[in-house]
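Listed below are the residues making up each chain.
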Amino acid sequence: MIKRKKILTVIKAVILWALSILIFVPIIIVVLNSFKTQGEAVSMRFTLPTEWVFSNYTHVMDQVDVLGAFKNSAIIAVSTVIIATVGGSLCSFVLARRRSKLHRFMYIFFLVGLVAPLNMVPAVLVLQKLGMMDQLIGLILLYSALVTPLTIFLYYGFIGTVPREIDEAAIIDGCGCMTLFWKVVFPLLKPVTVTVAILNFMNAWNDFITPFYVMNTSSKMPMTTMVYSFFGQYQRSWNYVCVIMVMIIVPIAVVYAFGQKYIIAGMTAGAVKG
């Protein structure tokens, strides 16, 4: 019986490792193709380059304003994380602590944003009326609105696990509402805060379509749109496209590596509570 369990454990481990390798194969292909010649990269094969072309990276840096696009993406992603985290956590705290019919309705109203598709026409019209078209602030606010439903969903469930007695003790000690939240409750939300920050950062950093609806000036475009600099109707330089993709992947991998231990705890709490 013990041997059978060990065999099953080994089989499960092998299957999981095989699935993990399959997930990493596309990333490895992209990295390898970033060092290939233009002709060799077209085939997108899982093979080592016959000639390692390290100059692909310098060529991309010379042809497009990578640093400017990187700065735009960083500003957009970090600002989205800050706005969504602050707003979502405060809103979730109120909704989780006050379980009236109105607050329950508001919670369900926000959850509709998880399943309802974004209609870009009214979103663009609103930005036009506010004078925020072709502005980074407009794109930041749009992304913040898009990620707020998931942010509230995760925070709402996690805050439900924080005992109300902590709030009562803090109020007895003289804490006001904001002091209670930021000094007492918010430090307890570290796992879900890291989870929310990483997910929101990834959503804002990886998005490809939305900037084309909102932005018109090339100097204000984020990193993902730089792909079009080497891919179009008359040009398909897959080696340079892969270079851009590698530059996009690296920040996400670094952010995920630092916060991965909190993601499971944050996602699990937000999924089962509320």
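For the structure itself, consult the block above.
Bear in mind that the values here come from a model prediction, so they are computed numbers and not experimental data.

### Things to note about helix H7 (residues 136-159)
Over its 24 residues, H7 extends 32 Å from the first C-alpha to the last, a length consistent with the 34 Å expected when each residue adds 1.5 Å. The principal kink in H7, of about 40 degrees, is found at Val-147, preceding the proline Pro-149 by one to four residues. Burial analysis of H7 places 17 of its 24 residues in the buried class, which makes it a mostly covered element.

### Points about the side chain of Thr-225
Counting through the fold element by element, Thr-225 comes out in the loop between helix H11 (210-214) and helix H12 (238-272). Reaching out from Thr-225, the side chain makes a polar contact with the backbone oxygen of Pro-222 at a distance of 2.8 Å. Residue contacts for Thr-225: discarding those within four places in its chain leaves Phe-208, Pro-211 and Phe-212.

### Details of the nonpolar core
With 34 residues, the main nonpolar core has Val-60, Val-214, Phe-230 and Ile-244 as its most contacted residues. Elements supplying a minimum of two residues to this core: helix H4 (66-97), helix H6 (120-129), H7, helix H10 (190-206) and H12. Among the elements that line this core, the one with the most residues is H12, at seven residues. Non-local contacts of Ile-244, meaning those with residues more than four positions away in its chain, are made with Val-60, Met-223, Met-226, Val-227 and Phe-230. Grouped together as the second largest cluster of nonpolar side chains are 18 residues, Leu-95, Leu-154, Phe-158 and Val-192 included.

### Observations regarding the packing of helix H8 (residues 164-172) against helix H9 (residues 177-185)
Look at H8 against H9: their axes get within 10 Å of each other, and the N-to-C directions meet at 120 degrees. Relative to H9, H8 is oriented oblique. The chirality of how H8 crosses H9 is right-handed. Two secondary-structure elements touch here, H8 through Ile-166, Asp-167, Ala-170 and Ile-171 and H9 through Leu-180, Val-184 and Val-185. Of the residues assigned to the contact of H8 with H9, the class counts are six nonpolar, no polar and one charged.

### Overview of unusual backbone geometry
Phi is mostly negative for residues that are not glycine, and the peptide bonds are mostly trans. Of note, the phi angle at Met-44 is positive, near 55 degrees, even though the residue is not glycine. Its place among the elements puts Met-44 in the loop between helix H2 (38-41) and helix H3 (55-63).

### Things to note about the environment of Asn-239
Locating Asn-239 in the fold gives a position in helix H12. The exposure class assigned to Asn-239 is buried, which follows from its relative accessible area of 2%. Put simply, Asn-239 and Val-31 are 208 residues apart on the chain and 9.3 Å apart in space, counted from C-alpha to C-alpha.

Thresholds, definitions, all that
- Residues numbered from 1 in each chain as written.
- Predicted model: local features only at pLDDT ≥ 70, side-chain atom pairs only at ≥ 80, totals over all residues.
- Heavy atoms only, no water.
- Helix = DSSP H or I, 4+ residues; strand = E, 2+ residues; numbered from the N terminus.
- Expected span 1.5 Å × (residues − 1).
- Bend = angle between axes of the 7 residues up to and from the residue.
- Buried < 20%, exposed > 50% of the residue type's maximum accessible area, 1.4 Å probe, protein only.
- Polar contact = N/O pair within 3.5 Å; in protein donor to acceptor, adjacent residues only side chain to side chain.
- Contact = heavy atoms within 4.5 Å.
- Core = buried A, V, L, I, M, F, W, Y, C linked by side-chain atoms within 4.5 Å.
- Axes fitted to C-alpha atoms, helices over the stretch in contact; angles between N-to-C directions.
- Parallel < 35°, antiparallel > 145°, perpendicular 65-115°, else oblique.
- Left-handed = near helix turned anticlockwise from the far one by under 90°.
- Nonpolar A, V, L, I, M, F, W, Y, C, P; charged D, E, K, R; others polar.

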